Amino acid sequence: MQTHDIRNRFLTYFENNGHTRVPSSSLILDDPNLLFVNAGMVQFKPFFLGEEPPAYPRATSVQKCVRTGDIDEVGKTTRHNTFFQMAGNFSFGDYFKAGAITHAWELITKSRSDGGYGFDPERLWATVYHDDDEGFQLWRELSGLPEERIQRRGAEDNYWDMGVPGPGGPCSEIYYDRGPEHGRDGGPEADEDRYLEIWNLVFMQEIRGEVSPKKGGPVLGELPNKNIDTGMGIERVALLLQGADNVYETDLVRPVITRAEEMSGRRYGRDHTDDVRFRVIADHARSGVMLIGDGVTPGNDGRGYVLRRLLRRIVRSVRLLGVNEPVLGEFASVVRDTMAESYPELATEFARIDSVVRTEEEAFLQTLTTGSKIFDLAAGETKSSGGSVLAGDKAFQLHDTYGFPIDLTLEMAAEQGLKVDEEGFRRLMAEQRQRAKDDAAQRKTGHSDGAAYRSILDSHGVTDFLGYSDLATESR
Ligand code: ATP
Ligand code: MG
Ligand code: MG
Ligand code: MG
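This structure is a prediction, so every number in the text was calculated from the model and none was measured.

## Focus: the site of ligand 1
- The full set close to ligand 1 counts 17 residues, and Asn81, Phe84, Asn200, Gly231 and Gly233 are the nearest of them.
- When residues of the shell around ligand 1 are traced back to their parent elements, those giving at least two are strand E3 (83-92), strand E8 (195-208), strand E9 (219-233) and helix H6 (234-241).
- Of all the elements, E8 adds the most residues to the shell around ligand 1, at 4 residues.
- A class-by-class count of the residues in the shell around ligand 1 yields 6 nonpolar, 5 polar and 6 charged.

Below is the structure:
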């Protein structure tokens, strides 16, 4: 079943059950606590917090989400994308636990010819919060799941709140058992690779105080209107319904891998290290394009920096697969072709997206060519002198002279089994900042001897260092 179909079935099912279909919000919302929208409920926060009367009692959406916290998992686990689509149904003081469980169970077990996903009920598991007896009982009665396949879990996994005093509540998750070839017996508590989490149902029923129940704090009282907030991962359902091994091999992500195979002449599925790179490329190409589509541009801090980091990781991964030509424009068009059916703005905005990725790639390739050589020399010296830690001043030089971001240095060092003296790096950064401040103060008073040099630098730019051009054997 194609991802677009999975998405449409969800919306249609809930619409047929009295939910208002609400479009995804942008990935960027005006919320100082949130870099990117990371769940379906975000756009409905004012309803949940009681700041606005709900515009409808029930809603359904498929929300674009970006989770930067999952970036290091990408390509390594079977289930984490940086960009993914979260399908959700929401009740604002309308139905509660029984309704949420009934709907979720019906949609996933209903036959495919009847508009459902047709999952085998024998393979499904549910979890509830450890003291949620009501939830446990409802699962028994409404789904017929045997007790052994309903696990109780602690606050870490099964309590939800917004991270601030306000609404909270237990949650209940649905898992699919992929079979013994994917890991150990024992349910989600034992192995989250074998038992794949597909859907989280949040029962928003109480008010938490300063300290969350996650940290042992008390529940202050019951919410007058109890709410439901759920999130089902579309890519994870696609993985299962397409018989894929992981989310990167599903229909909307895999085409980028295919394009990278064509460019590099290497095949996916042959070598573990290459495969992780292929998956990172495919995942980041998608999140990068989706972010630019919503107006983010590469920059040195905040959202822009996340985007920059995603795009740079693609470029670097591709080079490690042996491709030296610019690639981002190509990948962006593959993403457009797969995603525009659900997000037509990618097609209408494509000229802008294309120009953003090309400009960023050009600038980065410049940085990369020079910086990688310096890095390789430094790493080589560190190793040949028997060390395992790259000196802080090397990391600083890479950053300061060659514009090499520290996370890139960390990543490249890790690939070579090296650590980086981050503390030393930070100290040098702080010293430099201080110098810049002193400098500025001096310039204000007009006593700077360096001002003349500064103006030369400003008009001519930093001189490119080309001394190592001929020494490189592997270009990154
Ligand atoms: P996991 O434990 O696997 O990291 P989660 O508990 O953090 O997932 P939730 O916050 O409960 O996820 O989000 C609701 C649903 O969204 C999940 O059940 C899953 O299907 C999907 N989901 C969450 N994170 C990702 C991701 N990084 N990539 C793809 N789908 C995701
Ligand atoms: Mg997670
Ligand atoms: Mg989880
Ligand atoms: Mg979860």
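## A few points about the pairing of E8
- Counting buried residues in E8 gives 11 out of 14 residues, a clear majority hidden from the surface.
- By the bridge criterion, 10 bridges tie strand E7 (residues 166-177) to E8 in an arrangement that is antiparallel. Following the sheet pairing, Gly168 is matched in E8 by Glu206.

## Describing the pairing of strand E2 (residues 58-66)
- Within E2, 9 of the 9 residues are buried, which leaves it mostly tucked inside the rest of the structure.
- Because side chains alternate across E2, one face comprises the buried residues Arg58, Thr60, Val62, Lys64 and Val66, and the other comprises Ala59, Ser61, Gln63 and Cys65, equally buried.
- With 9 bridges connecting them, E2 and E3 associate as antiparallel partners. Paired with Cys65 across the strands is Phe84, a residue of E3.

## Things to note about the environment of Val128
- Within the secondary structure, Val128 is located in strand E4 (residues 124-129).
- Separated by 213 residues in the primary sequence, Val128 and Glu341 have C-alpha atoms spaced 36 Å apart.
- The residues contacting Val128, other than those within four sequence positions of it, are Gly135, Phe136, Trp139, Ile150, Arg152, Asn158, Pro170 and Ser172.

## Overview of the packing of helix H7 (residues 254-264) against helix H10 (residues 328-339)
- The interhelical angle for the contact between H7 and H10, taken along N-to-C directions, is 150 degrees, at an axis separation of 9 Å. Classified by the angle between their axes, H7 and H10 sit roughly antiparallel to one another. The handedness of the crossing between H7 and H10 is right-handed. Listed contacts from H10 to Pro255, Val256 and Arg259 of H7 are Glu330, Phe331, Val334, Val335 and Thr338.

## Brief notes about the nonpolar core
- Of all hydrophobic cores here, the largest spans 96 residues; its most connected members are Ala104, Val256, Ile281, Ala285 and Ile314.
- Of all hydrophobic cores here, the second largest spans 14 residues; its members include Leu390, Ala395, Tyr402 and Ala413.

## Describing H7
- When H7 is considered as a whole, its buried residues turn out to be Arg254, Val256, Ile257, Ala260 and Ser264. All buried residues of H7 project into a common sector of 155 degrees when viewed along the axis, lining one side.
- The inward-facing, buried residues of H7 abut helix H8 (272-293), helix H9 (302-320) and H10.
- Positive backbone phi, approximately 75 degrees, marks Gly265, located one or two places after H7.

Scoring rules and cut-offs
Residue indices follow the written sequence of each chain, beginning from 1 at its first position. Going through the entries in the order they are written, you letter the chains from A and number the ligands from 1. Where local features are concerned, this predicted model is filtered to residues with pLDDT of at least 70; where side-chain atom pairs are given and counted, the filter is 80 or more; whole-chain, interface and lining totals use all residues. For each residue, a C-beta atom is positioned from the backbone; the residue is called near a molecule or strand if that atom sits within 6 Å of it. Strands are runs of DSSP state E lasting at least two residues, helices are runs of H or I lasting at least four, and both sets are numbered from the N terminus onward. For this classification, the nonpolar set comprises Ala, Val, Leu, Ile, Met, Phe, Trp, Tyr, Cys and Pro, the charged set comprises Asp, Glu, Lys and Arg, and every other residue, Gly included, is treated as polar. Each residue is classified by how many other C-beta atoms fall within 10 Å of its C-beta atom, where C-beta atoms are placed from the backbone; a count of 20 or more means buried, 12 or fewer means exposed, and values in between mean partly exposed. Two strands form a pair only when DSSP identifies at least two bridges running between them. Contact between two residues is assigned when their C-beta atoms, built from the backbone, lie within 7 Å. For helices, the fitted line uses only the C-alpha atoms of the stretch in contact; every axis is such a line through C-alpha atoms, and the angle between N-to-C directions lies from 0 to 180 degrees. Angular relationships are summarised with four words: roughly parallel below 35 degrees, roughly antiparallel beyond 145, roughly perpendicular across 65 to 115, and oblique for the angles in between. By the definition used in this description, the sense in which the near helix is turned from the far one sets the handedness, with an anticlockwise turn below a right angle giving left-handed and a clockwise turn giving right-handed. Here a nonpolar core is just a set of buried residues of the types Ala, Val, Leu, Ile, Met, Phe, Trp, Tyr and Cys, joined wherever their C-beta atoms sit within 7 Å. Picture the helix axis, draw a direction to every C-beta atom, and the arc is the one those directions span.

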